[in-house]
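# Structural description and commentary
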There are 2 protein chains.
Amino acid sequence: MFTYIEKIKNAGVKFTRPRKLVLDVLKAAKQPVSIKEIHKRIRKNADLASVYRTIHLFEELGIVREVPLGEGYQRYELIEEGRHHHYILCVECGKLEDIDVCLADQVAKMTHFRILSHSMEFQGVCRGCDG
Amino acid sequence: MFTYIEKIKNAGVKFTRPRKLVLDVLKAAKQPVSIKEIHKRIRKNADLASVYRTIHLFEELGIVREVPLGEGYQRYELIEEGRHHHYILCVECGKLEDIDVCLADQVAKMTHFRILSHSMEFQGVCRGCDG
DNA sequence: AATCAATTGCAAATGATTTGCATTATGTCC
DNA sequence: GGACATAATGCAAATCATTTGCAATTGATT
């Protein structure tokens, strides 16, 4: 469809240095990342406030989704075409595993809501840590 | 099984005034409530810090569960025997509707995790607000 | 290269939640 | 029922994530 950069430019906003840096970190990340992690990886090249502002912009543009894992802060990941999934977090070792099922369509039918967003995350102990 | 009060006393902790007040508010609530709401309802009879401490105790005792609805703060509700459900929040009017489906068992089988907790909440626009 | 609004960096503000500590109140024992 | 020991409270200050105001900067356009 459109690349992330195209989506940014089509939205009529500038493709600035901080925005490029945040996008690069998101692309390189293999897991949803926190604001703090993003900021750490781009050090002095972008302010923490700009990371927050950029992530919120990306959310509005449909580039990024929030992944709440009950850690006291949010994580974010790029939205990939045709790849909708959720996570389970091992509270012992921090491992994140993908879950490829989702109830969103079913819930939309049941409730007659127009669903804007949803979270569906699990916390537990993985087989390796559970002894 | 056990009443909430029995669970508290069996845990070897005191059943204090703030704890009774918080429990009463939770029992009276028809929806998951925020810490701020709980505190507002018991006014000068318990400190905000005690409400936080009490809710965390109740979580540990399995009396209360956290309901994250993406509002920037948490809500909490009493855990009722045999009544496990989730919510969809209308972002227009604030209406909360119950959802009586859950993927926890299926996810446990798929991932071989021992699931400790999970959240599965939806945000959208209800039929009434969607025009 | 000049222009100008959008965006940034910085520092201060906000809001939820947590914590230290002196004081108070609960459950227990007599 | 009263005294005791300790858990729990209230209060105020600290912490942590996130937001915001504003002057200075920069990207896109000409």
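Residues numbered from 1 in each chain as written. Chains lettered and ligands numbered in written order. Predicted model: local features only at pLDDT ≥ 70, side-chain atom pairs only at ≥ 80, totals over all residues. Heavy atoms only, no water.

Bringing the nonpolar core into the picture now. In this structure, A:Leu103, A:Val107, A:Phe122, B:Leu103, B:Val107 and B:Phe122 are the most contacted members of the largest nonpolar core, which totals 22 residues. Where this core is concerned, the elements lending two or more residues are strand 4 (86-90), helix 5 (104-111) and strand 6 (114-125) of chain A together with strand 4 (86-90), helix 5 (104-111) and strand 6 (114-125) of chain B. Aside from chain neighbours lying at most four places away, what touches B:Phe122 is A:Leu103, A:Ala104, A:Val107, A:Ile115, A:Ser117, A:His118, B:Tyr87, B:Ile88, B:Leu89 and B:Ile99. (Core = buried A, V, L, I, M, F, W, Y, C linked by side-chain atoms within 4.5 Å. Buried < 20%, exposed > 50% of the residue type's maximum accessible area, 1.4 Å probe, protein only. Helix = DSSP H or I, 4+ residues; strand = E, 2+ residues; numbered from the N terminus. Contact = heavy atoms within 4.5 Å.)

Before going further, it helps to examine the relation of the copies chain B and chain A. One chain copy maps onto the other through a rotation about an axis and a shift parallel to that axis. For the pair chain B and chain A, the superposition axis carries a translation of 0.0 Å, the fit reaches an RMSD of 0.1 Å, and the rotation angle comes to 179°. Within this description, the copies of the chain are treated as partners about a two-fold rotation axis. The C-alpha atom lying nearest the rotation axis in chain B is that of B:Met120; the distance is 2.0 Å. (Least-squares fit on C-alpha atoms with pLDDT ≥ 70 in both.)

Here we come to the interface of chain B and chain A. Facing the 33 residues of chain B at the interface are 33 residues of chain A. Roughly 2900 Å² of surface becomes buried between chain B and chain A when both sides are summed, with 65% attributable to carbon and sulfur atoms. The largest contributions to the chain B side of the interface with chain A come from B:Phe113, B:Arg114 and B:Phe122, which together make up 22% of the buried area. In this structure, the connection of chain B to chain A is made through 2 salt bridges. Across the salt bridge formed by A:Arg114 and B:Asp130, the nearest N and O atoms sit 2.8 Å from each other. Seen at the junction of chain B and chain A, the total is 10 residue pairs in polar contact (both at pLDDT 80 or more). Of all the elements in the fold, those that place two or more residues in the side of chain B that touches chain A are strand 4, strand 5 (96-99), helix 5 and strand 6 of chain B. Top element by residues in the side of chain B that touches chain A is strand 6 of chain B. It accounts for 12 residues. (Buried area = accessible area lost by both parts, 1.4 Å probe. Salt bridge = Lys/Arg side-chain N within 4 Å of Asp/Glu carboxyl O. Polar contact = N/O pair within 3.5 Å; in protein donor to acceptor, adjacent residues only side chain to side chain.)

The next point concerns the protein's contact with DNA strand C. By nearness alone, 23 residues border DNA strand C, and A:Thr16, A:Ser50, B:Lys14, B:Tyr52 and B:His56 come closest of all. Take B:Tyr52: an N or O atom from its side chain is 2.6 Å from a phosphate oxygen of DNA strand C. Within the backbone of B:Gln74, one N or O atom sits 3.4 Å away from a phosphate oxygen of DNA strand C. Of all the secondary structure elements, the ones that give two or more residues to the surface near DNA strand C are helix 2 (17-28) and helix 4 (48-60) of chain A together with helix 3 (35-42) and helix 4 (48-60) of chain B. Considering every element that reaches the surface near DNA strand C, the biggest residue donor is helix 4 of chain B, with 5 residues. Counted by class, the surface near DNA strand C contains 10 nonpolar, 6 polar and 7 charged residues. (Near = heavy atom within 4 Å. Nonpolar A, V, L, I, M, F, W, Y, C, P; charged D, E, K, R; others polar.)

Looking now at the packing of helix 2 of chain A against helix 4 of chain A. Residues and elements named next belong to chain A. In contact at an axis separation of 10 Å, helix 2 and helix 4 are set at 70° when each is read in the N-to-C sense. Classed by the angle they form, the pair helix 2 and helix 4 counts as roughly perpendicular. On the side of helix 2, the interface is formed by Pro-18, Arg-19, Val-22, Leu-23 and Leu-26, while helix 4 contributes Ser-50, Val-51, Thr-54, Ile-55, Leu-57 and Phe-58. Tallied by class, residues from the contact of helix 2 with helix 4 come to 8 nonpolar, 2 polar and 1 charged. (Axes fitted to C-alpha atoms, helices over the stretch in contact; angles between N-to-C directions. Parallel < 35°, antiparallel > 145°, perpendicular 65-115°, else oblique.)

Accessible area lost upon the coming together of the parts is a frequently used measure of interface size. All names here are of chain A. Annotation of chain A at the domain level lists domain 1 (4-78) and domain 2 (86-124). One C-alpha centre belongs to domain 1, the other to domain 2, and the line joining them spans 21 Å. Contact residues are listed per partner, giving 9 residues for domain 1 and 8 residues for domain 2. Counting the surface lost from both domain 1 and domain 2, the interface buries some 710 Å², and carbon and sulfur atoms represent 58% of this. Ranking the residues of domain 1 by area buried against domain 2 places Arg-65, Pro-68 and Leu-69 at the top, with a combined share of 59%. Linking Glu-121 and Arg-65 is a salt bridge whose minimum nitrogen-to-oxygen distance equals 3.9 Å. Of all the secondary-structure elements, those providing two or more residues to the side of domain 1 that touches domain 2 are strand 2 (64-68) and strand 3 (74-78). Residue contributions to the side of domain 1 that touches domain 2 peak at 3 residues, all from strand 2. For the side of domain 1 that touches domain 2, the class distribution of residues is 4 nonpolar, 1 polar and 4 charged. (Domains from an automatic or database assignment.)

Our next topic: the sheet that holds strand 5 (residues 96-99) of chain A. Ordered by their spatial adjacency, 6 strands build an open sheet running 5(A)-4(A)-6(A)-6(B)-4(B)-5(B), and the pairing between neighbours is mixed. Two strands close off the open sheet at either side, each with one partner strand: strand 5 of chain A together with strand 5 of chain B. Averaged over all adjacent pairs, the angle separating strand axes in this sheet is 25°, with direction ignored. (Pairing = 2+ DSSP bridges.)

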